[in-house]
Amino acid sequence: MTQTEERAELNESELVPIEKIVSLCKRRGFVYPNSEIYGGVAGIYDFGPLGVEMRNNIRRYWWWSMVQLHDNVVGIEGANITHPRVWEASGHVENFVDRLVECKKCKRRFRIDHLPPENLEKHVCPVCGGELTTEPRVFNLLMETYLGVIEDERMKTYLRGEACQNIYLDYDNVLKSSRMQVPFGICQIGKTYRNEVTPGNFLFRQREFEQWDLQFFVHPSEMQKWFDYWKSYRFDWCQSIITHKERLRFRAHGSDELAHYAKQAYDIEYRTILGWQEWEGIHWRQDWDLSRHSEYSGQDLSYTDPLTKERYIPWIVETSGGVDRTFLYLLLDAYEEQPDPMGKGNDRTVLHLHPWLAPVKVAVLPLQKNKEELVNVSKELYRKLQRLMVAQYDDIQNIGRRYRRQDEIGTPYCVTIDFQTLDDQTVTVRERDSMSQIRVHLNELPMYLFERVTWK
Ligand code: ATP
């Protein structure tokens, strides 16, 4: 489906409370609070065994579609620490700030750019109705660190406050070493650190998180064409991995939000229980970043067209999104509690994750664990599948419970080995969403599954 096609109505009662996802993530090993045994650290999380598989799948799908499918895009992986001047040139040292007001009654803090206008104007707390402080306090979000061990020789610098700066820093090296010509792009997925003053809502606003960026370098005359291309491409990408297409939209930035060099900017937003929230930004950066780094570093970062010999600073289309926010939105999108239609207590929680992104692709389930013939066939099959995709072997409890366990972590296929298998070499393949079952021959099974869980 593309962005122009008709969509279902948004049903607010279907929006999933974030606490349900937090609980599932902890219970099943997707995400844990960081340093939990010491009481935790606000806004910092660790990914567990299933979380890391799913996160890797999300990253790989992004990389595949952005870098591998585009002849004119290459990737880099920059360091988390850079020269401190980078953050002066980028404007972060001066301007990367949050402005905060506090409620005098309930002591809650609010970013003024997140307050409803009427609350801001009348200085009224949106939670308890108390009075808000009038003069906002200003906090810089950059995380400081020091390089070197000897006190006098230590250099203060910063953990990167946005991942994309490495791309500007490496732009000239990429041009010289990879034979790219404008128009071309550089992609990167990398960690970002921000001293967020209001971390919260689980993975939505963290202090250490991961971003993916494309910086696409163009001739100024082609800026609009490429802006439109990437805007539409990224929307379709987000749409390709969610079930609830009606929860996705563009939001154009108003003139008061646009940077002085930007003709336009759009957020791709996903609707959660918190309201419409940013997933990814599509930005018109013009020649701002390369010009600033030219100025601050003293290096000429202009480009000479090999045919026309025209010399200019390329303009940039940026698409910048969050890996962790994608992870959270995908879980919110996929989570469903289904009551048993027969009312017999066989309710199930199911994650309708796209098979491409599900952490486990297939579960191999021998019908009985004490029948040697069944176990032998099952283990042999499991070893075979394990080489192709992430597979689990499960022989604990009855088959119904095992299906439920796999549904809850989003495993798209369960394969059951039963007595018929011993006769005709077929197994039962159960599909997660429809719960439909078919018999597939053991020889055909690897290809049957592989085709369904691999993106193309
Ligand atoms: P916000 O206005 O919500 O603070 P931003 O506009 O500063 O976000 P960008 O700097 O454009 O965000 O970052 C690009 C992407 O990184 C965002 O679209 C979002 O998906 C993700 N992101 C930003 N801040 C955080 C955070 N604190 N925790 C997790 N993901 C984040």
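All values derive from a computational prediction rather than experimental measurement.

### So, the overall build of the protein
Assigned secondary structure in the protein consists of 13 helices and 23 strands. By its C-alpha atoms, the protein is 75 × 65 × 55 Å across when sized along the principal axes. Looking at the protein as a whole, 50% of its 456 residues are labelled buried. Contacts spanning at least 24 positions in sequence make up 65% of the contacts within the protein whose residues lie at least 6 apart. Carbon and sulfur atoms form 49% of the exposed surface of the protein, whose accessible area is close to 22,500 Å². For the protein, the distance from the average position of its 59 positive side-chain charges to the average position of its 68 negative side-chain charges is 4 Å.

### Some details on the pattern of salt bridges
Scanning the model with the defined rule gives 34 salt bridges in all. Between Glu 337 and Lys 20 there is a salt bridge, and its shortest N-O distance comes to 3.0 Å. Here the residue Glu 337 occupies a position in strand β17 (residues 335-338), and Lys 20 occupies one in helix α1 (residues 18-28), the gap between them amounting to 317 residues. Owing to a relative accessible area of 42%, Glu 337 belongs among the partly exposed residues under this scheme. One network of salt bridges, in which partners are shared, links Asp 98, Arg 111, Asp 113, Glu 196 and Arg 205.

### Describing the domain arrangement of the protein
Taken domain by domain, the protein comprises domain 1 (12-81 + 162-193 + 200-331) and domain 2 (360-453). Computed over C-alpha atoms, the centres of domain 1 and domain 2 are 37 Å apart. Contacts between domain 1 and domain 2 engage 7 residues on the former and 7 residues on the latter. Between domain 1 and domain 2, roughly 530 Å² of surface is buried when both sides are summed, and carbon and sulfur atoms account for 52% of that area. Counting across the domain 1 and domain 2 interface gives 2 salt bridges. Note that Arg 27 is salt-bridged to Glu 408, the shortest N-O span being 2.4 Å. Between the two partners, domain 1 and domain 2, sit 3 residue pairs in polar contact (both at pLDDT 80 or more). If you list the elements that add at least two residues to the side of domain 1 that touches domain 2, you get α1 and α2 (49-68). Here the side of domain 1 that touches domain 2 is built from residues that sort into 3 nonpolar, 1 polar and 3 charged.

### Some remarks on the site of the ligand
With respect to spatial proximity, 16 residues lie near the ligand, and among them Arg 194, Glu 196, Arg 205, Gln 206 and Glu 278 are the closest. Within the side chain of Gln 211, an N or O atom sits 3.0 Å from an oxygen atom of the ligand. For the shell around the ligand, a count of residues per class yields 4 nonpolar, 5 polar and 7 charged.

### Things to note about the sheet that holds strand β9 (residues 184-193)
In a beta sheet, neighbouring strands are held together by backbone hydrogen bonds and run either parallel or antiparallel to one another. Taken in spatial order, the 7 strands of this open sheet run β3-β9-β10-β16-β13-β12-β11, and their pairing is mixed. Strands with a single pairing partner mark the edges of an open sheet, and in this sheet they are β3 (73-75) and β11 (248-252). If you compare each strand with its neighbour and ignore which way they point, the axes differ by 25° on average. When strand β13 (residues 275-286) meets strand β16 (residues 315-322), the two strands line up antiparallel, connected through 6 bridges. Paired with Trp 284 across the strands is Val 317, a residue of β16. Each of β3, β9, β10 (208-218) and β16 is contacted by α2, which is oriented at about 160° to β9, the strand it contacts most. Lying on the sheet, helix α8 (residues 288-297) is in contact with β10, β13 and β16; it crosses β13 at an angle near 60°.

What counts, and where the lines are drawn
Residues numbered from 1 in each chain as written. Predicted model: local features only at pLDDT ≥ 70, side-chain atom pairs only at ≥ 80, totals over all residues. Heavy atoms only, no water. Helix = DSSP H or I, 4+ residues; strand = E, 2+ residues; numbered from the N terminus. Buried < 20%, exposed > 50% of the residue type's maximum accessible area, 1.4 Å probe, protein only. Contact = heavy atoms within 4.5 Å. Areas by Shrake-Rupley, 256 points an atom, 1.4 Å probe, with all protein chains shown as cover. Lys, Arg positive; Asp, Glu negative; His and termini not counted. Charge placed at Lys NZ, Arg CZ, Asp CG, Glu CD. Salt bridge = Lys/Arg side-chain N within 4 Å of Asp/Glu carboxyl O. Domains from an automatic or database assignment. Buried area = accessible area lost by both parts, 1.4 Å probe. Polar contact = N/O pair within 3.5 Å; in protein donor to acceptor, adjacent residues only side chain to side chain. Nonpolar A, V, L, I, M, F, W, Y, C, P; charged D, E, K, R; others polar. Near = heavy atom within 4 Å. Pairing = 2+ DSSP bridges. Axes fitted to C-alpha atoms, helices over the stretch in contact; angles between N-to-C directions.

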